[in-house]
Amino acid sequence: MRLQNNSPPVSDLLKFMKYANKIMGFQWTAARSDKSTELFKLNNDLKKCRLCTIAELRHNLVFGEGDPNSDIMFIGEGPGEKEDLTGRPFVGRAGKLLDQMLSSVGIKRESVYIANIIKCRPPGNRNPSNEEISNCTPYLKRQIEIIHPKLLFGLGKFASSYLFETDAAMGKLRGTHIKKDGIIISCSYHPAYLLRNPSAGNLFIDDLKKAIKCIE
Ligand code: SF4
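Residues numbered from 1 in each chain as written. Predicted model: local features only at pLDDT ≥ 70, side-chain atom pairs only at ≥ 80, totals over all residues. Heavy atoms only, no water.

Let's talk about empty space enclosed by the protein
So, point 1. This structure, assessed with the given rule, holds one cavity of 30 Å³ or more.
So, point 2. By volume, the largest cavity amounts to about 100 Å³.
So, point 3. Cys 49, Cys 52, Arg 58, Cys 120 and Cys 136 are, among the 15 residues lining the largest cavity, the residues nearest its centre.
So, point 4. Take the lining of the largest cavity: its biggest share by element is three residues, from helix α4 (residues 130–147). (1 Å grid on protein atoms, 1.4 Å probe; cavity = no way out; pocket = protein on both sides within 12 Å on 5 of 7 lines; lining within 4 Å. Points joined across faces, edges and corners; volume = space filled by probe spheres on them. Helix = DSSP H or I, 4+ residues; strand = E, 2+ residues; numbered from the N terminus.)

A closer look at the site of the ligand
So, point 1. Close contacts around the ligand come from Leu 46, Cys 49, Leu 51, Cys 52, Ala 55, Arg 58, Leu 61, Lys 119, Cys 120, Asn 135 and Cys 136, and that covers them all.
So, point 2. Among the detected pockets, the ligand sits in the largest cavity.
So, point 3. Its residues assigned to classes, the shell around the ligand shows eight nonpolar, one polar and two charged. (Near = heavy atom within 4 Å. Sits in = over half its atoms within 2 Å of the grid points. Nonpolar A, V, L, I, M, F, W, Y, C, P; charged D, E, K, R; others polar.)

A few points about the pairing of strand β6 (residues 183–188)
So, point 1. Counting buried residues along β6, six of its six residues qualify, which places the element largely inside the surrounding structure.
So, point 2. Here five bridges tie strand β4 (residues 151–155) to β6, and the two strands are oriented parallel to one another. The partner of Leu 151 across the bridge, within β6, is Ile 184.
So, point 3. Sheet topology note: the strand β5 (residues 177–180)/β6 ladder contains four bridges and is antiparallel. Following the sheet pairing, Ile 178 is matched in β6 by Ile 185.
So, point 4. Between β5 and β6, which pair antiparallel one after the other, the connecting turn spans two residues, and Asp 181 there sits at a positive phi close to 50°. (Buried < 20%, exposed > 50% of the residue type's maximum accessible area, 1.4 Å probe, protein only. Pairing = 2+ DSSP bridges.)

Concerning the side chain of Thr 137
So, point 1. Take Thr 137: it is sitting in helix α4.
So, point 2. Of the residues examined, Thr 137 reaches a relative accessible area of 8% and is grouped as buried.

A closer look at the nonpolar core
So, point 1. In this structure, Ile 72, Met 73, Phe 74, Ile 75, Ile 144, Leu 152 and Phe 204 are the most contacted members of the largest nonpolar core, which totals 55 residues.
So, point 2. Here this core takes seven residues from α4, the largest share from any one element.
So, point 3. Beyond its immediate sequence surroundings of up to four residues, Ile 75 is in contact with Ala 115, Asn 116, Ile 117, Leu 140, Ile 144, Leu 152, Phe 153, Gly 154, Leu 155, Ala 159 and Leu 163. (Core = buried A, V, L, I, M, F, W, Y, C linked by side-chain atoms within 4.5 Å. Contact = heavy atoms within 4.5 Å.)

A look at α4
So, point 1. Compared with an ideal rise of 1.5 Å per residue, which puts 18 residues at 26 Å, α4 spans 25 Å between its outermost C-alpha atoms and is within 8% of the ideal.
So, point 2. The sharpest bend along α4 measures roughly 35° and falls at Thr 137, with the proline Pro 138 sitting one to four residues further on.
So, point 3. For α4, the complete set of buried residues consists of Glu 132, Ile 133, Asn 135, Cys 136, Thr 137, Tyr 139, Leu 140, Gln 143, Ile 144, Ile 146 and Ile 147.
So, point 4. Once α4 ends, the next one or two residues include His 148, with phi positive near 40°. (Expected span 1.5 Å × (residues − 1). Bend = angle between axes of the 7 residues up to and from the residue.)

Examining the packing of α4 against helix α5 (residues 157–164)
So, point 1. As a packed pair, α4 and α5 sit with axes 12 Å apart at the nearest point and diverge in direction by 70°. Judged by the inter-axis angle, α4 sits roughly perpendicular to α5. In this structure, the crossing between α4 and α5 has a hand that is right-handed. Between α4 and α5, the contacting residues are Ile 133, Thr 137, Leu 140, Lys 141 and Ile 144 on the first element and Phe 158, Tyr 162 and Leu 163 on the second.
So, point 2. For the contact of α4 with α5, the per-class residue count stands at six nonpolar, one polar and one charged. (Axes fitted to C-alpha atoms, helices over the stretch in contact; angles between N-to-C directions. Parallel < 35°, antiparallel > 145°, perpendicular 65-115°, else oblique. Left-handed = near helix turned anticlockwise from the far one by under 90°.)

By themselves these figures say nothing about function.
Structure, rendered in C-alpha cells:
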C-alpha cells in the first residue's frame, strides 16, 4: 500500500512562490515610492517658500538627497555657494571631505540621506539666523518624519543644537547620543570645520563609528 501524497505539485508551489514574490515585491516598491512621492511633494512646497528674505537671493533651493529608505540621515547647516548653484547638498570642498569620511567607515554617500537645517543659502556663507532656523525646521521635521531613519547624525553646531534641543557646546555634544521618537541622535563636527582643523578628522570618524554601533 502506498501512502497518499497530499502535497501540492511542485509546479503549483513554484507558481505560489512567484505570486508571493510579486505581491511582496510590489509592497516593497510601493513603500519606497511612497517616501519618494512624499519627499517630492514637500520639495515642491518648499520651492514656493519665501518665508525668509534669503529666498530672494537663492539660485536653487537645496532640499536634500540620497536614499529615502536609508537607516542614516545626516543633517548639515545650510547650502554654500556650490550647493546653491547646483541645488545639491555637500558638493563643495566640505562635501568631498564628508564623502571621504563616509567611505573610510564603509558608507557610500548614495546609501544615506543628506539634508540641511535651512534650505536657502545665507549670503557670504554666514551662519543661519534664529529666524531662518525657526522658519525652515518645520520642513526638516517633516522630511525626517517621511524618511524616519534609525540614526540622525548632526554635522556641526547648528544641526546638533537643533537635534539635541540644547545650546551645549559642540565639544560636549559630539560623540554622545540620545534617543527621540525611536531615532538615535548623535553628532560631530561639521566637515567645513574639519577642513580648517584636519586633526579633528579622527574624532569625527570615532563619533560616527560610535553612532553607527548604536543602530547595529
Ligand atoms: S530658508 Fe527655508 S524657510 Fe527660509 S525661505 Fe528658504 S526654504 Fe523657506
